[in-house]
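Listed below are the residues making up each chain.
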Amino acid sequence: MKRKMILKLSSIILSAVLMLSIIPLGTFTARANQSVAYAGGFNTNYTLTGNPADDIVAIAVAQEGRNGSQFGYSEGWCDNFISDCAILAGCAKAVPQGGDVSDFLYNLVSAGATKVSSPQKGDVVIFYSGSLAKHAGLMKDSVNCINGNFNGTSDYNRYVATYSYSTVNSYNGWWCEFYRPKYHTHSYGAWQTVTAATCTTAGTQKCYCACGDSKTQSIPALGHSWNDGVVTKQPTCEEKGVKTYTCTRSSCGATRTEDIAPLDHAYETVTVPATCTEDAYTRFTCSHCHKTYTEPLDGWSEWSATPPPANAKDTRQKTQYRYKTKETSTGTDPEKSGWTKDPNGTTWKKTASGTHVYFSRPSGFNSGAYSNYASSPLSPSSTATTKREVSSAAHKSYIYWHWAFPYTYGVGTNTYIGSNYGDTCPSYSDAATVWEAFESDIDLTELTYSDGCVRVQGHSNYSYNWFKVEVFQQTYTDYAKQYSYYRWTDWSAWQDEAVASTSDKQVEQRTVYSYMSDDNKAIGHNPGDWIIDKEPSVGVEGSKHKECTKCHAVLETVTIPALDPVIIGDLNGDGIINGKDGILCSQALVGWDVDYSEAAADVNGDGKFNGKDGILLFQYLAGWDVVLG
């Protein structure tokens, strides 16, 4: 008896294994009774936005393909996967954990979730077999759901995958309900400083939501607030200076220094011309430190385009160059002030591009979520300055749409209000109160009726009858006419380096000259006449000198002998006053060129030699009672 029971049990297990092996779709565990704080092992390649529905789906999508072993789940984990995603998304209160799927659903509803008829992103879908909750998924959008604990042979190797909820419904006759969690979107108050930032260290601040949640963020270090600085060491021509800056924040007081570049010598030049004894030179004097040095002039003139004079001692010449370059610019204006338009430089510039999606709206179609799709194709266009290129229309997708009566859900079954259209395609003018549409990248048509209505198996619980509209797309590119302009710069300075002429560079050249001049050489002294510095007198020497007529340098100095004693009236200096002196006096007075002593000739002592002296001398020679001198 015991052996029979064992064989019977083995047969049942074997039958179950065989049944599982022939299921065409992913298999699901009926229970998910593991309850942990957070299993871990999640891929973190996602970005949170603060929107709970978007974030929980983003986290779930990032886990696609990962299995229970990678997460650390040890038993059925479809609902645990959803609640763990909620933990990571910060919405664990709205999607709490449970034991099996029924417990999970109970906790979900207790947390405020409401049953909805049309699912949307972030909703939880509960799948039933009869009245038993068997599996939980997370709606990725209005059609597809993300399933944990999917496929495989054990809880360890089953993985995360996405299927449409209608596909999951088809598994073993399951049906589903949708629940919208009571997601809480945090509303944080103003930031409050916890630790103030300093010049060099970051601070922290927090803000709080009414639910008790908080966010913390760093306050960047303030950075020093330097003053304008004070020069603490003046730079010289050859040494750096120092400027010291102090942080103006009273709690800091930090300082920093910067080098002040040396002034460098600022030489002012003076050309000193040649003198009688020195060649010409240039004197350089720094206006900062007054350092001075000289350089001799080599005697060559400055380079000039003027040919040298015919009497130049020596000449030299060289070629110099100057140029101007071609500047270019582009724009959409036919003319640009100050520029010349290049007749060969007109092109088309791309200004915009994009994709144009459109479909022809049938009678009664409610645009709804598809109002951003156009209703007609684009056409190419062209003007003198703009044009649009448009591709041929290509298939993009299908939009399925219908009208239906409202409905409610019972427990484990659907109850319809009103009559069902069955297989008859409805008219938009019927007394329907629900309008629905969805877009599909693939053709879901299973059966097309003569009136244009299609039947999409498994998409909706309340109507299988849909109109199908094909959606097309085009690409377009817009262009604007682009003009090219050019202009020439001003001439550069003349330079010795050769420059080649190109299409973008105009070049001019000239010959310049320099010649040797004696003007910079010492010219030597030019002596003048003797200049009496001191007249000689009786017994006292005199002196005289010669000067250069150009520089007035004293070239020679000599002594004038002292005068012998003078006998008044002895004009010929023979020591006797007689008629010879009278004759010599007469000759001198009438202008003869005779040699006589002027001191002896001034017989009346008035400091002059004239006729009075002659009369007095002759009176003396005649024996008159007169006194000479």
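Values in this document were obtained by computation on a predicted structure and should not be read as measured data.

**Q** Hey, could you go over helix α2 (residues 52-61) for me, with residue numbers and the actual values?
**A** With respect to burial, α2 is a largely interior element, seven of its 10 residues being buried. Pro52, Ala53, Asp55, Ile56, Val57, Ile59 and Ala60 are the residues of α2 that are buried. Where the residues of α2 are buried, they touch α4 (78-89), β3 (132-139), β4 (144-150) and β5 (159-164). Measuring from the side-chain oxygen of the N-cap residue of α2 to the backbone nitrogen of Ala53 gives 3.2 Å; that N-cap residue is Asn51.

**Q** How would you sum up the nonpolar core? Please name residues and give values.
**A** Proteins that are soluble and globular tend to have nonpolar side chains buried together. Counting 34 residues, the largest nonpolar core has Ile56, Phe81, Val95, Ile126, Leu138 and Tyr183 as the members making the most contacts within it. Those elements giving two or more residues to this core turn out to be α2, α4, α5 (101-110), β2 (124-129), β3 and β6 (175-180). In terms of residues, this core owes the most to one element, α4, which gives six residues. When residues no more than four places from it in sequence are discounted, the contact partners of Phe81 are Phe42, Ala60, Gln63, Phe71, Tyr73, Ile146, Gly148 and Val160.

**Q** Provide a residue-level description of unusual backbone geometry, including the pertinent values.
**A** Not every positive phi belongs to a glycine, and His290 is a case in point at roughly 70°. Within the element layout of this structure, His290 appears in the loop between β14 (281-286) and β15 (292-296). Despite not being glycine, His552 shows a phi value in the positive range, around 60°. For His552, a relative accessible area of 52% corresponds to the exposed category.

**Q** Could you give an account of the pairing of β14, naming the residues involved and the relevant values?
**A** In β14, alternate side chains face the same way, and those of Thr282, Phe284 and Cys286 are buried while those of Tyr281, Arg283 and Thr285 on the opposite face are not. Here β14 pairs with β15 via five bridges, running antiparallel. Bridging from a neighbouring strand, Thr285 pairs with Thr292 of β15.

**Q** Quick one: what's the story with the packing of helix α7 (residues 579-589) against helix α9 (residues 611-621), residue by residue and with numbers?
**A** At a minimum axis distance of 10 Å, the contact between α7 and α9 shows a crossing angle of 160°. Overall, the two elements α7 and α9 adopt an arrangement that is roughly antiparallel. In this structure, the crossing between α7 and α9 has a hand that is left-handed. In contact with Gly579, Asp581, Gly582, Cys585, Ser586 and Leu589 of α7, α9 contributes Gly611, Gly614, Leu617, Phe618 and Leu621. For the contact of α7 with α9, the per-class residue count stands at five nonpolar, five polar and one charged.

**Q** Can you explain the pattern of salt bridges? Please cite residues and give values.
**A** Counting across every chain of the model gives 14 salt bridges. Among the ionic pairs, Glu238 bridges to Lys291, the shortest N-O distance being 3.9 Å. With a gap of 53 residues between them, Glu238 in the loop between β10 (230-233) and β11 (241-246) and Lys291 in the loop between β14 and β15 connect regions that are remote in the sequence. With relative accessibility at 59%, the residue Glu238 sits in the exposed group. Overall, Lys291 belongs to the partly exposed group, its relative accessible area being 39%. The partner of Asp496 in a salt bridge is Lys318, with the nearest N and O atoms 3.0 Å apart. On the criterion of sequence distance, the pair formed by Asp496 in the loop between β27 (465-488) and β28 (505-516) and Lys318 in strand β16 (residues 314-331) is long-range, its members being 178 residues apart.

**Q** Which residues make up α9, and what values do they have?
**A** For α9, the complete set of buried residues consists of Asp613, Gly614, Leu616 and Leu617. Tucked inside the fold, the buried residues of α9 contact α7 and α8 (598-601). The opening residue of α9 is Asn610, an N-cap whose side-chain oxygen sits 3.1 Å from the backbone nitrogen of Lys612. Of the residues trailing α9, Gly623 is marked for its positive phi of about 95°.

**Q** Run through the environment of Ala498, naming residues and quoting values.
**A** Relative to the helices and strands, Ala498 resides in the loop between β27 and β28. Separated by 11 residues in the primary sequence, Ala498 and Gln509 place their C-alpha atoms 8.9 Å from one another.

**Q** How would you summarise a nonpolar patch on the surface if you had to cite specific residues and measurements?
**A** On the surface, a nonpolar cluster with roughly 230 Å² of combined accessible area is contributed by Val538, Leu563 and Val566. Within the secondary structure, Val566 sits in the loop between β31 (554-560) and α7.

**Q** Help me get a handle on the packing of aromatic side chains, residues and values and all.
**A** A full pass over the atoms with the stated rule returns 18 aromatic pairs. On the basis of an interplanar angle of 15° and a centroid distance of 4.4 Å, the ring pair of Tyr128 and Trp175 is categorised as stacked. With Tyr128 in strand β2 and Trp175 in strand β6, the pair connects residues that are 47 residues apart, well separated along the chain. Residue Trp175 is classed as buried on the basis of its relative accessible area of 12%. Each ring, one from Tyr165 and one from Phe178, has its centre 4.9 Å from the other, and the planes form 80°; the classification is edge-to-face. With Tyr165 in helix α6 (residues 165-169) and Phe178 in strand β6, the pair connects residues that are 13 residues apart, well separated along the chain. Here the guanidinium or amino end of Arg66 rests over the ring plane of Phe71, the centre of that ring lying 5.8 Å away.

**Q** Tell me about the sheet that holds β2, residues and numbers included.
**A** On the basis of which strands lie adjacent, the open sheet formed by six strands has the order β1-β6-β2-β3-β4-β5 and antiparallel pairing. In this open sheet, the two edge strands, each paired with only one partner strand, are β1 (114-116) and β5. Recorded for the sheet is a direction-independent mean angle of 40° between the axes of neighbouring strands. Pairing geometry for β1 and β6, over three bridges, is antiparallel.

**Q** Hey, could you go over the packing of α2 against α4 for me, with residue numbers and the actual values?
**A** Put simply, α2 and α4 touch, their axes get as near as 9 Å, and they point 120° apart. Between α2 and α4, the interaxial angle falls into the category oblique. As α2 packs across α4, the resulting crossing turns out to be right-handed. Here α2 contributes Asp55, Ile56, Ile59 and Ala60 to the contact with α4, which in turn contributes Phe81, Ile82, Cys85, Ala86, Leu88 and Ala89. In the contact of α2 with α4, the residues fall into nine nonpolar, no polar and one charged.

Parameters and conventions
Residues numbered from 1 in each chain as written. Predicted model: local features only at pLDDT ≥ 70, side-chain atom pairs only at ≥ 80, totals over all residues. Heavy atoms only, no water. Buried < 20%, exposed > 50% of the residue type's maximum accessible area, 1.4 Å probe, protein only. Helix = DSSP H or I, 4+ residues; strand = E, 2+ residues; numbered from the N terminus. Contact = heavy atoms within 4.5 Å. Polar contact = N/O pair within 3.5 Å; in protein donor to acceptor, adjacent residues only side chain to side chain. Core = buried A, V, L, I, M, F, W, Y, C linked by side-chain atoms within 4.5 Å. Pairing = 2+ DSSP bridges. Axes fitted to C-alpha atoms, helices over the stretch in contact; angles between N-to-C directions. Parallel < 35°, antiparallel > 145°, perpendicular 65-115°, else oblique. Left-handed = near helix turned anticlockwise from the far one by under 90°. Nonpolar A, V, L, I, M, F, W, Y, C, P; charged D, E, K, R; others polar. Salt bridge = Lys/Arg side-chain N within 4 Å of Asp/Glu carboxyl O. Patch = residues over 30% accessible without salt bridge, like charges linked within 9 Å, V, L, I, M, F, W, Y side chains within 5 Å. Areas by Shrake-Rupley, 256 points an atom, 1.4 Å probe, with all protein chains shown as cover. Phe/Tyr/Trp six-rings, centres within 6.5 Å; stacked < 30°, edge-to-face > 60°. Lys NZ or Arg CZ within 6 Å of the ring centre and 35° of its normal.

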